[in-house]
Amino acid sequence: MHRLTDLREILRYVPRFRDRLFVIAIDGAVVEDENFRNVLLDLALLKSLRIGVVLVHGALHQILKLADLTKQQPSNLDGSGITDDATLQLALFASSRVAYELVEGLDAADLHGVSGSFLVAHPAGILGGIDHQWTGKIERVQTGLIQSLVAQDMVPVVSPVGADGEGRTYRLNSDHVAVEVAAALKAAKLIFLSTLPGVTLTNLASEKASGAVKTAIDRQREPSVEGLLRSLSLEEAEAVLAGHRADIAPELASKLEQAVRGVKLGVPRVHLIDGRVSEGLLAEVFSNLGVGTMVHANEYQAIRKAAKKDGRAILSLIAQGVANDELVRRSRAEIERTAEDFFVFEVDKLPVACAAVHLHPSEGKAELACVCVDPRFENRGIGRKMIEYGESLARQAGMREMFLLSTQAFNYFQQKGGFIQGSPADLPVSRREKYDKSGRRSLVLVKRLDDGIGSNHGAR
Ligand SMILES: CC(C)(COP(=O)(O)OP(=O)(O)OC[C@H]1O[C@@H](n2cnc3c(N)ncnc32)[C@H](O)[C@@H]1OP(=O)(O)O)[C@@H](O)C(=O)NCCC(=O)NCCS
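Residues numbered from 1 in each chain as written. Predicted model: local features only at pLDDT ≥ 70, side-chain atom pairs only at ≥ 80, totals over all residues. Heavy atoms only, no water.

### As for unusual backbone geometry
Backbone geometry at Asp19 places phi at a positive 65°, although glycine is not the residue there. Looking at the element boundaries, Asp19 is found in the loop between helix H1 (7-17) and strand S1 (21-26). (Helix = DSSP H or I, 4+ residues; strand = E, 2+ residues; numbered from the N terminus.)

Below is the structure:
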């Protein structure tokens, strides 16, 4: 496993998550695993970095043990089928036991865990003609209560049960609860810690996979576990479920379904990791080589390829940059002629940023040009997304290197975009001639595209 020996790597990720919230969903079996103590230490580290933590737990493992001990047959195991009276009692007993262990464990790690009634629920009701009895459906997450505990530096522990405010308690599916809680709290991440590895498609050659899944398989680099899909966009995760459900374990498929639901409800990143792996949680959050699978929202959804009709909008976007000599002057006709190279970032259907990628295939090089963000939309990470998108286009076209010319924003591209300073000798021959003629004496910056760092580098 990739060990976290590089403290700088952790620190690089800290600002991104400071004062944000992570929801961590722990299966009951992980609480009983010997690695649980390490998980608690990892949580303490997250807290010390000013990342808020909310725990949601499952209790399947404990329900099974208790049922065995008391020679009972639960009417349903995962809180999604029928919960009869006896099973509700089993679930409540097992659940409070796990919640207690979590609070006690947090206490031992110098964290203040608080378990309580955080979910309002009503009966799932009669589904398909079958009364689900004590199985519930979440009506509301008590976000105010949870947030005030987090603000007081506490760690709320949410159990998979919900109360209806009239003295009745219903049983819930814990994965479902975790998704609802993460979405309601607008968490930056939802992390499932279970006894399953990430989504692994062993024995599946990429040629046999369908479109989106093939792209996903091909994109994974340096797999430490054969077939492990480290990152999946929402569309890719859905394609895995639609076309390859039979190739993954059923429990994993159900977690992946919840991950997809989480992303659709607005959680930007949902991780599935094995909670028994030492340092797994930290490696997943703080390195670009996580141990599990991350399902993420499509960050490029606001970006689209430009067309001729965008000429005018692009021209007005870059006008100020041209006036400040940050950007090369381009005529509308020139932009329209090369419109295919341009892409724009839209907010409410209006382009607020643009950039272009010009390919030089014979030399395997691509130029990133005309990166420009409307000043009203600066400092929101749009520039970075434009760079990443441009890189992904160049990679797809088989380019090995990207270069750009900059007169004023060179620090930005070095500090935020991972470019390094090059020289005019790095330019393709035809581009070099134009460069010499222009007399702008821009700095040449370069970046290799085949260094093993994926398009989601630094973005787990
Ligand atoms: C440079 C530019 C593309 C940045 O876009 P953006 O969407 O605001 O950038 P992001 O949100 O991705 O990044 C913002 C970060 O970059 C930093 N930054 C912005 N401009 C910078 C510069 N010139 N040098 C160094 N850092 C810079 C910000 O301080 C901020 O830092 P933080 O994340 O640590 O708070 C945009 O300001 C722009 O269009 N500038 C004018 C056009 C230009 O010069 N284009 C380059 C020619 S190819």
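The discussion continues.
### A short note on the site of the ligand
Taken together, 20 residues form the shell around the ligand, and within it Val373, Gly381, Gly383, Tyr412 and Lys416 come nearest. Val371 places a main-chain nitrogen or oxygen 2.8 Å from a nitrogen atom of the ligand. Between the ligand and Asn379 there is a distance of 2.8 Å, counted from an oxygen atom to a backbone nitrogen or oxygen. When isolated, the ligand has an accessible area of 930 Å², and the protein chains bury 75% of it. At the level of elements, strand S18 (365-373), helix H14 (382-396) and helix H15 (410-415) are the ones that each hand at least two residues to the shell around the ligand. With four residues, H15 is the largest single contributor of residues to the shell around the ligand. Split into classes, the residues belonging to the shell around the ligand amount to nine nonpolar, six polar and five charged. (Near = heavy atom within 4 Å. Polar contact = N/O pair within 3.5 Å; in protein donor to acceptor, adjacent residues only side chain to side chain. Areas by Shrake-Rupley, 256 points an atom, 1.4 Å probe, with all protein chains shown as cover. Nonpolar A, V, L, I, M, F, W, Y, C, P; charged D, E, K, R; others polar.)

### Focus on the domain arrangement of the protein chain
For the protein chain, the domain assignment lists domain 1 (7-296) and domain 2 (303-448). Taken over C-alpha atoms, the centre of domain 1 sits 41 Å from the centre of domain 2. (Domains from an automatic or database assignment.)

### Considerations on the pattern of salt bridges
This structure, assessed with the given rule, holds 22 salt bridges. For Asp310, the salt bridge identified is with Lys309, shortest N-O distance 3.9 Å. By relative accessible area, which is 5% here, Asp310 ends up buried. A relative accessible area of 66% places Lys309 in the exposed class. Notably, a salt bridge pairs Arg431 with Glu367, separated by 2.6 Å at the nearest N-O pair. Of this pair, Arg431 sits in helix H16 (residues 429-438) while Glu367 sits in strand S18, placing them 64 residues apart in sequence. Since its relative accessible area comes to 12%, Arg431 is described here as buried. Several salt bridges converge on common partners, so that one network encompasses Arg304, Lys309, Asp310 and Glu346. (Salt bridge = Lys/Arg side-chain N within 4 Å of Asp/Glu carboxyl O. Buried < 20%, exposed > 50% of the residue type's maximum accessible area, 1.4 Å probe, protein only.)

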